[in-house]
Amino acid sequence: KHFNKYDIVVSNPDFEVALPFIVVGFHLLKESNQNARLFYILPSDFFEASALRSRIFKLLDFKIEIEYKLGHLTYLENDPLGQKLTVDSLFVLKRGRQNKFKHDVVNARLAGML
């Protein structure tokens, strides 16, 4: 079956199913566009917090280009200024392994981006 391909894929998946969403996201990106990116909101420690996710991150052919720390945002409609215990990040992911274990981190809240 033919699937449409995109330059950008954006998602805020439940962290328990985020790895399959990431794999599907990369299948949805245009291979011909080296500027194609995934933008995923995940817990800041997502790729480190479990041995399985850490191992899969090491094996898959993608890297974190930049991470925007969002802070303790709740995203709840009835409490838009509320805070939660964990910290989330917006991860910008791209294909490739060059400098896989090195990426820039921006504190979006302190930078006034939120």
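Details of the structure are given in the entry above.
This text gives an overview of the structure that appears in the document. Just so it is clear, the structure is predicted and the values come from calculations on it, not from any experiment.

1. Focus: the pattern of salt bridges
Phase 1: Enumeration according to the criterion identifies five salt bridges in this entry.
Phase 2: The shortest N-O distance in the salt bridge between Lys 69 and Glu 67 comes to 3.4 Å.
Phase 3: The class of Lys 69 is partly exposed, set by a relative accessible area of 28%.
Phase 4: One salt-bridge network, in which partners are shared between bridges, spans Arg 37, Glu 65 and Lys 94.

2. Quick look at the sheet that holds strand β4 (residues 83-95)
Phase 1: What the five strands build is an open sheet, ordered β1-β2-β4-β3-β5; its pairing is mixed. Lying at the two open borders of the sheet, with one neighbouring strand each, are β1 (8-11) and β5 (104-107). On average, each strand axis in the sheet is inclined to that of its neighbour by 20°, with strand direction left out of account.
Phase 2: In this fold helix α1 (residues 18-28) packs onto β1, β2 (37-43), β3 (62-73) and β4, with an angle of close to 170° to the strand it touches most, β2.

3. Digging into the packing of aromatic side chains
Phase 1: Counted under the stated rule, the structure contains seven aromatic pairs.
Phase 2: Each ring, one from Phe 46 and one from Phe 47, has its centre 5.1 Å from the other, and the planes form 85°; the classification is edge-to-face.
Phase 3: Overall, the relative accessible area of 1% leaves Phe 46 in the buried class.
Phase 4: Look at Phe 47 and you get buried, because its relative accessible area is 7%.
Phase 5: Residues Phe 47 and Phe 57 carry aromatic rings whose centres are separated by 5.1 Å and whose planes lie at 45° to one another, so their mutual orientation is tilted. Here Phe 47 is found in the loop between β2 and α2 (51-59), whereas its partner Phe 57 is found in helix α2, with ten residues between them in sequence.
Phase 6: Of the residues examined, Phe 57 reaches a relative accessible area of 9% and is grouped as buried.
Phase 7: Clustering of aromatic rings is evident, with ring pairs tying together Phe 26, Phe 46, Phe 47, Phe 57, Phe 62, Phe 91 and Phe 101.
Phase 8: The side chain of Lys 100 reaches across the aromatic face of Phe 57, ending 4.3 Å from its centre.

4. Describing α1
Phase 1: Among all positions in α1, only Ala 18, Leu 19, Ile 22, Gly 25 and Phe 26 are buried. Seen along its axis, α1 keeps its buried residues to an arc of 115°; they face one direction.
Phase 2: Buried positions along α1 lie against β1, β2, α2, β3 and β4.

Analysis parameters
- Residues numbered from 1 in each chain as written.
- Predicted model: local features only at pLDDT ≥ 70, side-chain atom pairs only at ≥ 80, totals over all residues.
- Heavy atoms only, no water.
- Salt bridge = Lys/Arg side-chain N within 4 Å of Asp/Glu carboxyl O.
- Buried < 20%, exposed > 50% of the residue type's maximum accessible area, 1.4 Å probe, protein only.
- Pairing = 2+ DSSP bridges.
- Helix = DSSP H or I, 4+ residues; strand = E, 2+ residues; numbered from the N terminus.
- Axes fitted to C-alpha atoms, helices over the stretch in contact; angles between N-to-C directions.
- Contact = heavy atoms within 4.5 Å.
- Phe/Tyr/Trp six-rings, centres within 6.5 Å; stacked < 30°, edge-to-face > 60°.
- Lys NZ or Arg CZ within 6 Å of the ring centre and 35° of its normal.
- Arc of directions from axis to C-beta.

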